[in-house]
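Letter by letter, the chains look like this.
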Amino acid sequence: HFTIVTGDLNTGPQVSRENFDLFRKENYIDIFGYQDNGIYTWDNSNEVNQKSIHAICPSQRIDHILYKQRSDKN
């Protein structure tokens, strides 16, 4: 048994790190790993993003699929 958290979390290893670390503290694992491998879910070259206040931010992954094995604790 396991738990899955997925969605647009607006957090990640490069942005709002403190929030992302809360998942890691609770033993959630990012199925894509933590390395910057060029897979981004928020791309600063996207025309919509270029019109936002965040246009200066680097491309990054802020959408995630995290899972955690169920512990034996009740």
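Here, the structure is the one placed above.
Residues numbered from 1 in each chain as written. Predicted model: local features only at pLDDT ≥ 70, side-chain atom pairs only at ≥ 80, totals over all residues. Heavy atoms only, no water.

Engineer: Looking at this structure, how should I read a nonpolar patch on the surface?
Structural biologist: The grouping of Phe2, Ile4, Ile31, Phe32, Ile39 and Ile65 at the surface amounts to a nonpolar patch, some 550 Å² of accessible area in total. Inspection of the secondary structure assignment puts Ile4 in strand β1 (residues 2-8). (Patch = residues over 30% accessible without salt bridge, like charges linked within 9 Å, V, L, I, M, F, W, Y side chains within 5 Å. Areas by Shrake-Rupley, 256 points an atom, 1.4 Å probe, with all protein chains shown as cover. Salt bridge = Lys/Arg side-chain N within 4 Å of Asp/Glu carboxyl O. Helix = DSSP H or I, 4+ residues; strand = E, 2+ residues; numbered from the N terminus.)

Engineer: Looking at this structure, how should I read the environment of Tyr40?
Structural biologist: Mapped onto the elements, Tyr40 comes out in the loop between β2 (29-30) and α2 (47-50). Put simply, Tyr40 and Pro58 are 18 residues apart on the chain and 9.8 Å apart in space, counted from C-alpha to C-alpha. Beyond its immediate stretch of four places on either side in the chain, Tyr40 contacts Ser59, Gln60 and Arg61. (Contact = heavy atoms within 4.5 Å.)

Engineer: How do you make sense of the sheet that holds strand β3 (residues 63-69) when you look at a structure like this?
Structural biologist: In a beta sheet, neighbouring strands are held together by backbone hydrogen bonds and run either parallel or antiparallel to one another. Spatial strand order, β1-β3-β2: three strands in an open sheet with antiparallel pairing. One side of each edge strand has no neighbouring strand; the edge strands of this open sheet are β1 and β2. Bridge count between β1 and β3: seven bridges; the pairing is antiparallel. Note that in β3 the partner of Gly7 across the bridge is His64. (Pairing = 2+ DSSP bridges.)

Engineer: It is not clear to me how unusual backbone geometry should be interpreted in this structure. Could you clarify?
Structural biologist: Comment: phi is negative for the bulk of residues other than glycine, and the bulk of peptide bonds are trans. One non-glycine residue, Asn10, lies in the positive phi region at around 50°. The residue Asn10 is located in the loop between β1 and α1 (17-25) in this model. Look at Asn27: it is not a glycine, yet its phi comes out positive at around 70°. Structurally, Asn27 is set in the loop between α1 and β2.

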